[in-house]
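# Coordinate analysis (summary)
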There are 2 protein chains.
Amino acid sequence: MTAVETDETGRIAVVGCGTLGASWAALFLAHGFDVAAYDTAPGFADRLRASVAHALGQLGELGLRGSGRLETCTAIEAAVSGAIFVQENAPEDEAVKRAVLAELDARAAPGVIVASSTSAMLRSRIVAECRTPERVIVAHPFHPPHLVPLVEIVAGDPATGERAAAFYARLGRRPVILRREMPGHVANRLASALYREAVNLVAEGVASVADIDAALCNGPGLRWAAMGPHMTYHLGGGAGGIRHYLDHLGPSQVRRWESLGRPELSDAVKDAIVEGVEAEAAGRTLPELEARRDRALIDILKARTEVAGS
Amino acid sequence: MTAVETDETGRIAVVGCGTLGASWAALFLAHGFDVAAYDTAPGFADRLRASVAHALGQLGELGLRGSGRLETCTAIEAAVSGAIFVQENAPEDEAVKRAVLAELDARAAPGVIVASSTSAMLRSRIVAECRTPERVIVAHPFHPPHLVPLVEIVAGDPATGERAAAFYARLGRRPVILRREMPGHVANRLASALYREAVNLVAEGVASVADIDAALCNGPGLRWAAMGPHMTYHLGGGAGGIRHYLDHLGPSQVRRWESLGRPELSDAVKDAIVEGVEAEAAGRTLPELEARRDRALIDILKARTEVAGS
């Protein structure tokens, strides 16, 4: 039952059932896996079932109608016992992560992968109390994980990384195995670099928050849903491709880098962002905005038959 | 005939008929405008007609089947005479831009907007030789402009900016009017900030070029096609929205900013990028990659019924 790389289904433990955990659970269920869910919060089961039902409706639109069974557990050992894979989504607190991962490592069957959804922490630090740290990995999803395909994997050894990648690929995810650990992994570092300049453009009064968002959404962001940045510059280099681009336009790229802003998140800048986001939201509530985002994501995922170079 | 904000159609001058000019021409034609095209390159007309035919086929897939007529001109005055709008796409050389814009300004009918597609230059510098600079604006598209909706506008006065925005909105574009000029406008600055970290991750050996591209395409890039970065963090702040995000997670965002790389485009880094892009391209030629990108863009544009908060 530890061979998650086979076509067999089985039971997956979801430990930590907030927004992330619910989204993972729905994804596993929609692909026909049973899920054993555990959380320390009282009354988590009802909230989890409601979130899972909502996410399963969205996954149904994508043609996923697996018949996995959701069981909620009142003890962590009941969730982990018999699991062929463990997905951990405890709070982003290093002491908590260390303790939870050590317990999961102690209780999971031999060879079962224990995957932490952590976005901000390094694998080497959070596995420190594990007895068999090799099987404990980082598998960082993007919100909401049942819709956004990326899973960033940091493993202690290549074979475990490959096994985990094969598992997530079966779930329609796009696994990316990091060659070495790095705070923020890959995607959040890219997002953070972009956001710094997005904040700078607000601070410098170049455009409104809504217009900066719209510029990304209808310009490079749209294009990045079709093709990554390196490949984009390959096509921007004319017949000489990326080599020509780097040799001839590289220097202007470097000058642009040097001109980028280094904004402070001062109270004035924060106020300008909050005011701008409120104007952009135009009275829509958070659930309404979330529904619009998910609608657009589902539409794009249904339509995107192929991605250039990925 | 200068009232481009009415529902009347008319003739648009496209001056400079490389890749950008051809893409603009196709967009105008597909929306029912006639186009008078001019370029200094010998034999440009045949290349232009071939590119326009290709782009019109793609626009047909998006339901745009306007019946504009394409005329190619051997003199700039023939292209501009009678035009209700002028789109300039001369080479990105300040002296060339200045001279071309001055000539277009001198020849266009009073009140007609002369729009430069420049990506890298400041409006204040390229209009320096114009007699009536107020009507000369920057209107920077994203490649390929007949598919990617963003048009960044830098105008000398608000009324002209609004007139231009209304014109581009009629063409299904998403105009963004900058409050003040800035090298790289908005979107290329965001793209450049992201690319710096994408290069850093290659230089630091964190992931392969293909995996960095895939991480963006299947993670934040996909999400940015649905929602801009400021609004994304509004949803990332829980019930407290962007205010809560900035107050509680702002400090970790600032720490991440400080940890971002400052890579040099050394020969070794350039070699690693070129090698990685070649691996990602997997033998596909530039036209094949371009076709895949356009296929994905068209699929997404057809599917994306609404964008959250834009």
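Residues numbered from 1 in each chain as written. Chains lettered and ligands numbered in written order. Predicted model: local features only at pLDDT ≥ 70, side-chain atom pairs only at ≥ 80, totals over all residues. Heavy atoms only, no water.

## Comments concerning the interface of chain A and chain B
- Chain A puts 108 residues into the contact, and the matching count from chain B is 108 residues.
- When chain A packs against chain B, close to 10800 Å² is buried across both sides, 68% of that on carbon and sulfur atoms.
- It is Y195, H230 and W257 of chain A that lose the most area in chain A upon contact with chain B, and together they represent 8% of the buried surface on that side.
- There are ten salt bridges connecting chain A and chain B. (Contact = heavy atoms within 4.5 Å. Buried area = accessible area lost by both parts, 1.4 Å probe. Salt bridge = Lys/Arg side-chain N within 4 Å of Asp/Glu carboxyl O.)

## Brief notes about helix α1 (residues 19-30) of chain A
- The end-to-end C-alpha separation of α1 of chain A is 17 Å, in line with the 16 Å expected for twelve residues at 1.5 Å each.
- Most of α1 of chain A sits inside the fold, with ten of its twelve residues counted as buried. (Helix = DSSP H or I, 4+ residues; strand = E, 2+ residues; numbered from the N terminus. Expected span 1.5 Å × (residues − 1). Buried < 20%, exposed > 50% of the residue type's maximum accessible area, 1.4 Å probe, protein only.)

## A word on the side chain of R189 of chain A
- For R189 of chain A, the location among the structural elements is in helix α7 (residues 187-203).
- Take R189 of chain A: its relative accessible area is 2%, and that puts it in the buried class.
- Looking at R189 of chain A, its side chain comes within polar contact range of the main-chain oxygen of P183 of chain A, at 2.9 Å.
- Excluding residues that lie within four positions of it along the chain, R189 of chain A makes contacts with M182, P183 and G184 of chain A together with E197, N200, L201, R256, S259, L260 and G261 of chain B. (Polar contact = N/O pair within 3.5 Å; in protein donor to acceptor, adjacent residues only side chain to side chain.)

## Details of the environment of D105 of chain A
All names here are of chain A.
- In this structure, D105 sits in helix α4 (residues 94-107).
- D105 sits in the buried class, given a relative accessible area of 4%.
- Along the backbone, D105 and R135 are 30 residues apart, and their C-alpha atoms lie at a distance of 8.0 Å.
- Apart from the residues lying within four places of it in its own chain, the contact partners of D105 are C130, R131, T132, P133, R135 and V136.
- Polar side-chain contacts of D105 include one of 2.4 Å to the side chain of T132.

## Comments concerning unusual backbone geometry
- The linkage connecting H143 of chain A with the following residue, P144 of chain A, adopts the cis geometry, with an omega of -10°.
- Relative to the helices and strands, P144 of chain A is located in the loop between β6 (136-141) and β7 (150-154).
- A positive phi is found at H185 of chain B, a non-glycine position, where the angle reads about 55°.
- Within the chain, A282 of chain B stands out as a residue other than glycine whose phi angle is a positive 50°.
- Its place among the elements puts A282 of chain B in the loop between α12 (267-281) and α13 (286-303).
- Overall, the relative accessible area of 57% leaves A282 of chain B in the exposed class.

## Quick look at the nonpolar core
- If you look at the biggest cluster of nonpolar residues, it comprises 148 residues, and the most contacted ones within it are V86 and I273 of chain A together with V86 and I273 of chain B.
- Ignoring any residue separated from it by four or fewer positions in sequence, one finds I273 of chain A in contact with Y195, V199, V202, V209 and L265 of chain A together with H230, I242 and L246 of chain B. (Core = buried A, V, L, I, M, F, W, Y, C linked by side-chain atoms within 4.5 Å.)

## What to know about the sheet that holds strand β3 (residues 70-73) of chain A
Residue and element names in this part refer to chain A.
- Here eight strands make up an open sheet; going across it, the order is β3-β2-β1-β4-β5-β6-β7-β8 and the pairing mixed. Taken across any chain shown, the strands that pair with only one partner, and hence form the sheet edges, are β3 and β8 (174-177). Taken over all neighbouring pairs, the strand axes of this sheet differ in orientation by 25° on average, direction set aside.
- Pairing geometry for β7 and β8, over four bridges, is parallel. Across the sheet, E152 pairs through a bridge with V176, a residue of β8.
- Relative to the sheet, α4 contacts β1 (11-15), β4 (83-88), β5 (113-116) and β6, its axis offset from that of β4 by approximately 180°. (Pairing = 2+ DSSP bridges. Axes fitted to C-alpha atoms, helices over the stretch in contact; angles between N-to-C directions.)

## Observations concerning the side chain of D294 of chain A
- Note that D294 of chain A resides in helix α13 (residues 286-303).
- Beyond its immediate stretch of four places on either side in the chain, D294 of chain A contacts Q58, P144 and L147 of chain A.

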